[in-house]
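Secondary and tertiary structure notes
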There are 2 protein chains.
Amino acid sequence: MEKAYIGVDVGGMSIKAGIVNLNGEILYKDKVVTDGKHDDVFLKDIHLLLEKVIEEGKKLNLEIKGIGFGIPGVVNNKKGTIDKMANINGRYLPLRDSLLDLNIPIAISNDANVAALAEQKFGAAKGLKNVILLTLGTGVGGGVIIDGKLFEGNEGKGAELGHALLILNGEKCGCGRNGCYEAYASASALLRLTKKYLNDYPNSMMWDYINHDLNNVSGLTSFECAKKGDEAANKLVDEYIMYVAEGMLDYCNIFRPEAFVIGGGISNQGKYLTDKLQSYLERHNYGYETAPRSEVLVATLKNDAGIIGAASLLMD
Amino acid sequence: MEKAYIGVDVGGMSIKAGIVNLNGEILYKDKVVTDGKHDDVFLKDIHLLLEKVIEEGKKLNLEIKGIGFGIPGVVNNKKGTIDKMANINGRYLPLRDSLLDLNIPIAISNDANVAALAEQKFGAAKGLKNVILLTLGTGVGGGVIIDGKLFEGNEGKGAELGHALLILNGEKCGCGRNGCYEAYASASALLRLTKKYLNDYPNSMMWDYINHDLNNVSGLTSFECAKKGDEAANKLVDEYIMYVAEGMLDYCNIFRPEAFVIGGGISNQGKYLTDKLQSYLERHNYGYETAPRSEVLVATLKNDAGIIGAASLLMD
């Protein structure tokens, strides 16, 4: 029987589960919609989904060695609980305990952590041992791989790289502090910045791009107009790159990784984005004279990173 | 023969070497003055000092298993070089290669790193596995212990915790960036802040404390006058505590350590300092709701931390 692991990617809208083999290939995938459910229904939904997936694993003649979770929130990886998560009212949900009857080892981590593990084991950073993942999406997620192993901090509550300060007492952050990296480097922060530039530059090409309706502003507005040569959009992109890269310089000085992997919606800009980031880091000596190079890579596993990374939690 | 290690604490003014046993006890100590020497003399001085200490080890019937260095600068722990250091003109000094004839394993790390290792193995954080050391001195040094092991980053150039931003484009930092944690949390930053408060509060008790001469301002001025109830000094100390603690909140979110150990000149304030820091971290939920407590401890090994920590680099 081939060994395999189940990875569960918990999102705000749906819970996706997949069976993953030791090569990081997804052999089977299923999902359930979660939007607006109560805490107890949430845990029951996960249980039902897993029963189905385990059944499917038997049909495929797979030996399921473990189940891993990627949670978009705060977990306790010792107790196996979800301590805080958007769209869920409760605190300290006993996820692992609710699955004890399945009799399969369970591991729980944060969504950015498992994405980092996926990219390092099977994606953009395959073969590297010291890697930082940053997801530039609604928020900024962080994942840290040290010496080939996922670093999670006490209770799995570390590696919150979006929640170190970029500017003390700066922009309001969702976490309660003011001035976090996330408040400047997230896609949401880019939207805020784009609206500010639109206001300041009434003749920018960006106004045409959004059909003169601020509701059409997206993460693409600045980047696409910058590529077309719009001056205001280029200035905007430079400012945004500066925020993202200054946080990366911090993580150069703190972790000195071999590579950064950039994920999240903004990473769809691909090499256009990473070239600018790489060049910024280089111009600033990776934070320090005599410091070694850190490669800036684009995440490659995209939407599958959650399932593959969660499944990887219990792989050796 | 008892096993022992030599620890070398390289400072701006002197090079101290000691023989340390597996209990972290210093069995013999020696030093040489270094001030103003040229690079080649510097390496020769170290060689001569080590010859003497090794000879002394033989007399004490000790088996020297390794020599470790704590360097106040940037090292390359793979190549065994000192890549950058104040008071030394050269770059990439081949420290390890210059000692090959001693035929003893050599390890090289940064001074704050070895202090962290010393405090975790034999000092304030003995028994804990995940510890952050911060030295509040001329600069801010950082050391990171993860899972009982020293984390140094690629080439040993990580864990530069003083050089993550607190305020983007803020105060000038010695590293070349503007707004680093060090530029707000170091003893030097406290001096700058004290002078600003003296200027703003002409009736502060601090003026008497310094005999109305700004040359007498020290790291003690604010703390000692705050303890005596001076309003301006208390405001000043609160502002300084805020800077130090906000950086610690960042490191809570990034590393989620069991404990912080505070060293450096400012740590002479002892519990008065750590109580204020602990209280700040607590009021801010250690950076996050549901986050576990991080204990704030005072470094206990003081001036011996360098020798003991350097000697510990090659201990199991």
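1. Quick look at the interface of chain A and chain B
Taken together, the 38 residues of chain A in the interface contact 38 residues of chain B. Here chain A meets chain B over a buried area of about 3,700 Å², counting both sides, of which 58% is carbon and sulfur. On inspection of chain A and its partner chain B, the count reaches eight salt bridges. For the pair chain A and chain B, the interface holds 26 residue pairs in polar contact (both at pLDDT 80 or more). Counting residues per element, the side of chain A that touches chain B draws most heavily on helix α7 (residues 231-255) of chain A, which supplies nine residues. Of the residues contributing to the side of chain A that touches chain B, the split by class is 20 nonpolar, six polar and 12 charged.

2. Structural notes on the sheet that holds strand β3 (residues 26-33) of chain A
Within a beta sheet, neighbouring strands are joined by backbone hydrogen bonds and run either parallel or antiparallel to one another. Residues and elements named next belong to chain A. Reading across the sheet, the five strands line up as β3-β2-β1-β4-β7 and stay open at both edges, with mixed pairing between neighbours. Whereas interior strands pair on both sides, the edge strands pair on one side only; in this sheet they are β3 and β7 (106-110). Across the sheet, the axes of successive neighbouring strands diverge by a mean angle of 20°, strand direction being ignored. Of the strands in this sheet, β1 (2-10), β2 (14-21), β3 and β4 (62-71) are in contact with helix α1 (residues 39-59), which crosses β3 at around 155°. Strand contacts of helix α9 (residues 305-312): β1, β2, β3 and β4, with the helix running at about 125° to β1, the strand carrying the most contacts.

3. Considerations on the pattern of salt bridges
Overall, the coordinates contain 34 salt bridges over all chains when judged by the stated rule. For K65 of chain A, the salt bridge identified is with E63 of chain A, shortest N-O distance 3.8 Å. The salt bridge involving D250 of chain A is made with R177 of chain B; its shortest N-O contact spans 2.8 Å. On the criterion of chain membership, the pair formed by D250 of chain A in helix α7 and R177 of chain B in the loop between β10 (149-151) and α3 (182-185) is interchain, its members lying in two chains. Put simply, D83, E155 and K157 of chain A are held in one network by salt bridges that share partners.

4. Considering the packing of helix α4 (residues 187-200) of chain A against α7 of chain A
All names here are of chain A. It is the contact of α4 with α7, at a shortest axis distance of 10 Å, that shows an interaxial angle of 145°. Handedness of the crossing formed by α4 with α7: right-handed. Where α4 approaches α7, its residues L190, L193, T194 and Y197 are matched on the opposing element by A232, K235, L236, E239, Y240 and Y243. Residue composition of the contact of α4 with α7, grouped by class: seven nonpolar, one polar and two charged.

The rules behind the values
- Residues numbered from 1 in each chain as written.
- Chains lettered and ligands numbered in written order.
- Predicted model: local features only at pLDDT ≥ 70, side-chain atom pairs only at ≥ 80, totals over all residues.
- Heavy atoms only, no water.
- Contact = heavy atoms within 4.5 Å.
- Buried area = accessible area lost by both parts, 1.4 Å probe.
- Salt bridge = Lys/Arg side-chain N within 4 Å of Asp/Glu carboxyl O.
- Polar contact = N/O pair within 3.5 Å; in protein donor to acceptor, adjacent residues only side chain to side chain.
- Helix = DSSP H or I, 4+ residues; strand = E, 2+ residues; numbered from the N terminus.
- Nonpolar A, V, L, I, M, F, W, Y, C, P; charged D, E, K, R; others polar.
- Pairing = 2+ DSSP bridges.
- Axes fitted to C-alpha atoms, helices over the stretch in contact; angles between N-to-C directions.
- Left-handed = near helix turned anticlockwise from the far one by under 90°.

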